[in-house]
Amino acid sequence: MQHQLLVLGGDLPVHRLGFGAMRMPENDPAAAHALARRAVELGVTFIDTADSYDLGRNEELLAEALHPYPDGVVVATKAGQCHPGDEWIPLGRPEYLRQQAELSLRRLRVERIDLFQLHRIDPAVPLADQIGALRQLQDEGKVRHVGLSEVSVEQIVEAGRITPIVSVQNRYNLDDRRSENVLEHCERHDIAFLPWLPIAPSVRPDSPVVEVARRLGVTPAQVALAWLLRRSKVMLPIPGTSSLRHLEENAGAVNVELPDEDFDRLGQARSDVVPA
């Protein structure tokens, strides 16, 4: 995978195109294992999961596929949101975050989580208490670095008073750039920005992405990822898929070189309305 590295927290170099493991098929372990292993074969060194994905099964699948983890591979996980059914519910009580960290350590088969992210800020719990729990886990050697997800600039600053924040994971893609100010803050402070859902879920046949992809002989998904990688040096997209073909297609985005005019045109064709 020929592209730049990004260094998380000053000491964790990873390739700038990661893999979001959420969509790995829990009901087909062999397929999930093959997907994770192929991602690493393709040069992916940053994998994102969470305690709430399939009630922890997602973390177990990654460990089954990759442990002992190859040198340089970083598996980041998250806690602070539960998913008991169709709903996603923020849950940031300090004792819960500590419990989930312990469970993630066990499921991932590691002694320390390289990047532990607060999945959502729980409005019912003071932010200082939530970040304080993560800082305590760091002090105990169970967490290396702390990240946040779906946060504002103000929340990043507040959390950073308690412990350094090395990553932010907000929704961001060509069609939804409402977190532009958060990305700009991350750029100024050398914080990795992990856009989740980096490929917009709907692409119209007449969209500029399709036209550019057709002219360059690549796919619209590759164009969308290539635009993100060029947009910022702190960008670390984490596209997810359950398909080996799509995984390989996504990995190919690092070799797509967007001409200046196409990069500018796609950047101007923004729409901050979340696609239906």
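Above this note sits the structure.
Conventions and cut-offs
- Residues numbered from 1 in each chain as written.
- Predicted model: local features only at pLDDT ≥ 70, side-chain atom pairs only at ≥ 80, totals over all residues.
- Heavy atoms only, no water.
- Helix = DSSP H or I, 4+ residues; strand = E, 2+ residues; numbered from the N terminus.
- Rg over C-alpha atoms; globule rule 2.2 N^0.38 Å.
- Buried < 20%, exposed > 50% of the residue type's maximum accessible area, 1.4 Å probe, protein only.
- Contact = heavy atoms within 4.5 Å.
- Areas by Shrake-Rupley, 256 points an atom, 1.4 Å probe, with all protein chains shown as cover.
- Lys, Arg positive; Asp, Glu negative; His and termini not counted.
- Charge placed at Lys NZ, Arg CZ, Asp CG, Glu CD.
- Polar contact = N/O pair within 3.5 Å; in protein donor to acceptor, adjacent residues only side chain to side chain.
- Phe/Tyr/Trp six-rings, centres within 6.5 Å; stacked < 30°, edge-to-face > 60°.

**Q** Residue-level account of the overall build of the protein, with values.
**A** Across its full length, the protein holds ten helices and eleven strands. A globule of 276 residues ought to have a C-alpha radius of gyration of about 19 Å, and the protein, at 18 Å, matches this closely. Its C-alpha atoms give the protein principal-axis dimensions of about 55 × 40 × 35 Å. Split into buried and exposed, the 276 residues of the protein put 55% on the buried side. Long-range pairs, those at least 24 residues apart, make up 74% of the contacts in the protein with a sequence separation of at least 6. Accessible surface computed for the protein: about 12,200 Å², of which carbon and sulfur atoms make up 49%. Separation of charge centres in the protein, based on 30 positive and 40 negative side chains, amounts to 1 Å.

**Q** Talk me through the side chain of Arg 231; I want residue IDs and the actual numbers.
**A** Inspection of the secondary structure puts Arg 231 in helix H8 (residues 220–231). Assessed through its relative accessible area of 19%, Arg 231 is described here as buried. Side-chain polar atoms of Arg 231 contact the side chain of Glu 187, separated by 3.2 Å. Filtering out sequence-adjacent residues up to four positions away, Arg 231 remains in contact with Tyr 172, Glu 180, Leu 183, Glu 184, Glu 187 and Phe 263.

**Q** Describe the packing of aromatic side chains, naming the residues involved and giving the relevant values.
**A** In this structure the tally under the stated criterion is three aromatic pairs. Here Tyr 172 and Phe 193 contribute two aromatic rings whose centre-to-centre distance is 5.6 Å and whose plane-to-plane angle is 85°, an arrangement assigned as edge-to-face. Here Tyr 172 is found in the loop between strand S10 (165–169) and helix H6 (180–189), whereas its partner Phe 193 is found in strand S11 (residues 192–193), with 21 residues between them in sequence. Judged by its relative accessible area of 0%, Tyr 172 is buried. For Phe 193, a relative accessible area of 0% translates into the label buried. Between Trp 227 and Phe 263, the aromatic rings sit 5.6 Å apart at their centres with planes inclined by 25°, giving stacked as the arrangement. Taken together, the residues span a long stretch of sequence, with Trp 227 in helix H8 and Phe 263 in helix H10 (residues 260–268) at a distance of 36 residues. Assigned by exposure class, Trp 227 and Phe 263 land together as buried.

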